[in-house]
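Remarks on the overall topology
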Amino acid sequence: MGFKLKALVVVSSGVVLGVCTYAAYRTWKKRQYSADDEGFEDVSKLEESLEKKVLVLGLEGSGKSTLVSQIVKEVGQKSITSNTVYKPTEGFNVTSLSDGGSPTVNIWEIGGKESVRRYWPKFFQDTDILVFVVDASNNSNQSVVVSEIKSLLGDARLASVPILVLANKQDMIGALNAEQISNVLDLKSIPSRSHQVKVLETQTRPETNEIHQTVLEVRKVLLKLSSHM
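Starting from 1, residues in each chain are numbered consecutively following that chain's sequence as written. Selection of residues for local features in this predicted model requires a pLDDT of at least 70, selection of side-chain atom pairs for listing and counting requires 80 or more, and totals for whole chains, interfaces and linings are taken over all residues. Excluded from the side-chain calculations are hydrogens and water; all other atoms, namely the structure's heavy atoms, are used.

So, on to the packing of aromatic side chains. The geometry of an aromatic ring pair comes down to the distance between the two centres and the angle between the two planes. To pair, rings of Phe, Tyr and Trp, with the six-membered ring standing in for Trp, must have centres within 6.5 Å; the planes then decide the type, stacked if under 30 degrees apart, edge-to-face if over 60, and tilted in the middle. Applying the stated criterion across every chain yields a total of three aromatic pairs. Seen in terms of ring centroids, Trp-120 and Phe-132 are 6.4 Å apart; in terms of plane orientation they differ by 85 degrees. Their pairing is edge-to-face. Taken as a pair, Trp-120 in the loop between helix 4 (114-117) and strand 5 (129-135) and Phe-132 in strand 5 lie far apart in primary sequence, twelve residues in all. Phe-132 carries the same exposure label as Trp-120, and that label is buried. Counting every residue linked through ring pairs, the aromatic cluster contains Phe-92, Trp-108 and Phe-123. In this structure, Lys-53 packs its charged tip against the face of Trp-108, placed 5.6 Å from the ring centre. Helix numbers and strand numbers start at the N terminus; a helix is a DSSP run of H or I with at least 4 residues, a strand a run of E with at least 2. Throughout, exposure labels follow a simple rule: accessible area from a 1.4 Å probe, protein chains only, divided by the maximum for the residue type, with under 20% read as buried, over 50% as exposed, and the rest as partly exposed. Any Lys NZ or Arg CZ that is within 6 Å of a ring centre and within 35 degrees of that ring's normal is treated as a charge sitting over the ring.

Encoded structure:
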């Protein structure tokens, strides 16, 4: 199965610059599609058929960067080492994942600092799948996580978007499991007609070269969801 890393955009000099870069990226992609189809197909329809956008959010320290980096790694690739350190994302990162058959999945990971979270809505447009990463071992910020989840659910731009909640850091002592995270976030109260919600437990095994099975499962779910949209 030929998973591949297609592109990487890193913006760490300010979120405002990141938002501008995002807008420029969207404009460039639409122009590219427009040039490719020579005016015979609607650009929005062409874009929808070729690419899906996954938005990855979560508080700072939830493990988003590590998860995303491992999700897009090729199976068997040995470039993840025990001393690899992933710095918190200040702006946003964009990586792409494809298995050669499904639409390309563009993964947008946005920084989780309090000063950055107010810019999250700037990235909601055209989101196909929302991934929210939770540090399941940190009980001190649960109220903030709940507040952010409720805010996301209340935004019309994310209406009907499937939500994948990742109860991360399962390797840490005291980490809440998927059922407990679901209860803490009151996810069962979300109407199924509004959002399809799935909670998965994840861990990234930073001490080994291997990608944990839970991360491979997230990759599988993302590709499956994108292929059925």
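All right, on to the pattern of salt bridges then. What makes a salt bridge here is a side-chain nitrogen of Lys or Arg within 4 Å of a carboxyl oxygen of Asp or Glu, nothing more. Considering all chains together, one arrives at five salt bridges under this definition. As a salt-bridge pair, Asp-186 and Lys-150 come within 3.8 Å of each other at their nearest N and O atoms. With a gap of 36 residues between them, Asp-186 in the loop between helix 6 (178-184) and strand 7 (197-201) and Lys-150 in helix 5 (residues 142-153) connect regions that are remote in the sequence. Between Arg-157 and Asp-155 there is a salt bridge; the shortest N-O distance is 2.8 Å. According to the relative accessible area criterion, Arg-157 is partly exposed, its value standing at 39%. Taking the relative accessible area as the measure of exposure, Asp-155 reaches 16% and is therefore buried.

We now examine unusual backbone geometry. The phi dihedral of Ser-160 falls on the positive side, at around 70 degrees, and the residue is not glycine. Inspection of the secondary structure puts Ser-160 in the loop between helix 5 and strand 6 (163-168). Classification of Ser-160 as exposed rests on a relative accessible area of 52%. Phi at Asp-186 takes a positive value of approximately 55 degrees, unusual for a residue other than glycine.

With that out of the way, let us pick up the UniProt feature "binding site: Mg(2+)" (unreviewed entry) in the protein. UniProt positions are given in the numbering used here, feature names are shortened, and annotations may be inferred rather than shown by experiment. In the numbering used here, UniProt assigns the "binding site: Mg(2+)" (unreviewed entry) feature to Ser-65 and Thr-89. Considering the arrangement of structural elements, one finds Ser-65 in helix 3 (residues 64-71).

For the rest of this paragraph, the subject is helix 5. Expected helix span is computed as 1.5 Å times (number of residues minus one). With twelve residues, helix 5 extends 17 Å from end C-alpha to end C-alpha; this agrees with the ideal 16 Å at 1.5 Å per step. Among all positions of helix 5, only Val-145, Glu-148, Ile-149 and Leu-152 are buried. Burial along helix 5 is one-sided: seen end-on, the buried residues are contained in an arc of 100 degrees. The arc in question is traced by the directions running from the helix axis to the C-beta atoms.

Attention now moves to the nonpolar core. Leu-57 and Ile-110 are the most contacted members of the largest nonpolar core, which totals 29 residues. Elements represented by at least two residues in this core include exactly strand 2 (51-58), strand 3 (92-97), strand 4 (104-110), strand 5, helix 5 and strand 6. Setting aside its immediate chain neighbours within four residues, Ile-110 contacts Leu-55, Val-56, Leu-57, Lys-64, Gly-91, Phe-92, Val-116, Trp-120 and Phe-123. Working definition of a nonpolar core: buried Ala, Val, Leu, Ile, Met, Phe, Trp, Tyr and Cys residues. They are joined through side-chain atoms within 4.5 Å. Listed in part, the 22 residues of the second largest apolar core include Val-68, Val-131, Leu-222 and Leu-223. In this analysis, two residues are considered to be in contact whenever any of their non-hydrogen atoms come within 4.5 Å of each other.

At a closest axis distance of 9 Å, the pairing of helix 3 and helix 7 (residues 213-227) adopts a crossing angle of 70 degrees. By the criterion of interaxial angle, the relationship of helix 3 to helix 7 is roughly perpendicular. Seen from helix 3, the contacting residues are Leu-67, Gln-70 and Ile-71; seen from helix 7, they are Val-215, Val-218, Arg-219 and Leu-222. Grouping the amino acids of the contact of helix 3 with helix 7 by side-chain chemistry returns five nonpolar, one polar and one charged. Lines are fitted to the C-alpha atoms to define the axes, a helix being fitted only along its stretch in contact, and any angle between axes, read from their N-to-C directions, falls within 0 to 180 degrees. Oblique is the label for any angle not under 35 degrees, not over 145, and not in the 65 to 115 range, which are roughly parallel, roughly antiparallel and roughly perpendicular in turn. Think of it as three bins: nonpolar holds Ala, Val, Leu, Ile, Met, Phe, Trp, Tyr, Cys and Pro, charged holds Asp, Glu, Lys and Arg, and polar takes everything else, Gly as well.

Most of strand 2 sits out of view: eight of its eight residues are buried. Every second residue of strand 2 is oriented toward a common face, with Glu-51, Lys-53, Leu-55 and Leu-57 on one face and Lys-52, Val-54, Val-56 and Gly-58 on the other, all of them buried. By this definition, two strands are paired if DSSP reports at least two bridges between them. Direction of pairing for strand 2 relative to strand 5: parallel, over a ladder of five bridges. Each bridged residue has a counterpart across the sheet, and for Val-54 the counterpart in strand 5 is Ile-129.

Before going further, it helps to spend a moment on the side chain of Thr-127. Mapped onto the fold, Thr-127 is located in the loop between helix 4 and strand 5. Looking at Thr-127, its side chain comes within polar contact range of the main-chain oxygen of Phe-124, at 2.8 Å. Polar contact is the term for a pair of N or O atoms within 3.5 Å; when the atoms are in protein, one must be able to donate a hydrogen and the other to accept it, and sequence-neighboring residues count only if both atoms are side-chain atoms.

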